[in-house]
Each structure stands twice: as structure tokens, then as C-alpha cells.
Amino acid sequence: SFFQGLKHPRPLPRTLGWRRLCEALGRWRQAEKADLPLWSAATWPEGSESCKASDVEAVSAIVLDYDGGDLEACIRRWGRWRCIIHTSSSHTPDQPRWRVVIPLAQAIPAADWPRVWRWADKWAPGSDPKARDVGRRYFLPGGADRTHWRFLASEHAPILHVALDRLPPEPEPVRVQRPASPHIVGLDDARRELADRLKVEPALRSSWGSRLGGRVAG
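Remember, it's a predicted structure, so these values are computed and weren't measured experimentally.

Asker: Describe helix α1 (residues 18-25), naming the residues involved and giving the relevant values.
Answerer: For the α-helix, the turn length of 3.6 residues means that residues three or four positions removed from each other point alike. Taken as a whole, α1 has its buried residues at W18, L21, C22, A24 and L25. Along α1, the residues classed as buried sweep out an arc of 165° about the axis, all on the same side. Those residues of α1 that are exposed and aimed more than 90 degrees away from the buried face are R19 and E23. Looking at the packing, one finds that the buried side of α1 touches β2 (29-30), β3 (38-39), β6 (84-87), β7 (97-109) and β10 (151-153).

So this is what it looks like as C-alpha cells:
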């Protein structure tokens, strides 16, 4: 799906083969980022006027954003499948930022997308967790300065086929036991209580770290 701009939520459906996908993502557009068109690997029902995640039907490519890390290692990791890797408009040699687009042999139903994203995140960890959004939109390549722009495509590699029946199921949501009779505490007391629990409960630290966008490294 394509979008005329950031303030245009109506998806414009298009069917792209490999060559046309490379053309769309391999062309730099000289413009301010806010003026660039956008695209998404998701599809919405025909005639949709908005790009709400709850309305997504399917996703046809894995898209991952990396801020920092080893670009060459990422190329080796994903290059075994047909994929496109290009740097972002803010990429520099000192602060590498790039995007990986892996087209899929079959469209993934929206309900199964979280499992596929989890697999991709484990296969090549370190990507931006915001990309797990089933209906996430991305700016097409472009910006004011293309000095450090790089584009790579593993054209002759096989297309990735995701075996959904071999992926682990979604984990059950954590159920919070609420007290029978709620009690009111002051904000400072609540902060102190949370700080004390974080010191002695590793699972709670991990949970809050993930919610705040962190990643457990060891």
C-alpha cells in the first residue's frame, strides 16, 4: 500500500513484482522528509479510507529498521534470502541507520503477524521494536542529503517462505491479580513501592524495560 503523504491516511493498493519493488525503494527522492510519500507492506480492505492497524488484512513483507550495529553483519544474515537493504536519510558512517525489506512467498494474515515478527527479531536481533506494528508505514527513500545513501538487493537469493505451523504460538497475556478492595496511595508512595520491587524482582525489571523500549542484553 502506498500513501501520498504523512497526512494522507488512505491506502493506495498496488501489486509490485521484485523489479518494481527495487525501483520503488532504490530511488532517492530529493525532498524534505515530511514531504515524502509513504508505503506499507500491509493491505487493507478495498476502499479503505484510513490505515488503522485493526483493519489490516495481511502483510506481504518483513520490514525491519536498525539504528546502530553492524551493517555488514546484517547483510550477511538476511542476504541468504531475497531482500532489499538501504540506508535511511539520517544514516552516517558514525551513526549507521538502515532498513531491511524481505518480501515473503505468501501473504501473512494479520492475526499471525506477531509470531512472524518475533521470529524475525530473534533471527537478527537489534531492530526497532516499533516495526512490529502490523500496519506500520514507512517513508520512501529520500531527504535533503544523499551523501551516505546505500542500496543493496540480493536479487538471486530465494524468496523467504514462512512456515506458520512451525512458529511458536503467541504467549498468553499476563493476568494481573487486582486487590479485592482498592486502596488509594500517594504518588510518592507508589513510586517508592515500585522502585523497591524493581530492585528485587528481575522479571518485573525485564517487563518494564521492554515496555519502555529497552532490550535485555545479558
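Asker: Now, about a nonpolar patch on the surface: what can you tell me, with residues and values included?
Answerer: On the surface, L194, W208 and L212 cluster together to form a nonpolar patch covering roughly 300 Å² of accessible area. Inspection of the secondary structure puts L194 in helix α4 (residues 187-200). Exposure remark for L194: the relative accessible area of 32% places this residue in the partly exposed category.

Asker: Go over the sheet that holds β3, please, and point to the residues and values.
Answerer: Taken in spatial order, the 3 strands make up an open sheet running β1-β3-β8, and their pairing is antiparallel. For this open sheet the edge positions go to β1 (2-3) and β8 (138-139), each flanked by a neighbour on one side alone. Examined bridge by bridge, β3 and β8 share 2 bridges and lie antiparallel to one another. For L38, the partnering residue across the bridge sits in β8 and is F139.

Conventions used here
Residues numbered from 1 in each chain as written. Predicted model: local features only at pLDDT ≥ 70, side-chain atom pairs only at ≥ 80, totals over all residues. Heavy atoms only, no water. Buried < 20%, exposed > 50% of the residue type's maximum accessible area, 1.4 Å probe, protein only. Helix = DSSP H or I, 4+ residues; strand = E, 2+ residues; numbered from the N terminus. Arc of directions from axis to C-beta. Contact = heavy atoms within 4.5 Å. Patch = residues over 30% accessible without salt bridge, like charges linked within 9 Å, V, L, I, M, F, W, Y side chains within 5 Å. Areas by Shrake-Rupley, 256 points an atom, 1.4 Å probe, with all protein chains shown as cover. Salt bridge = Lys/Arg side-chain N within 4 Å of Asp/Glu carboxyl O. Pairing = 2+ DSSP bridges.

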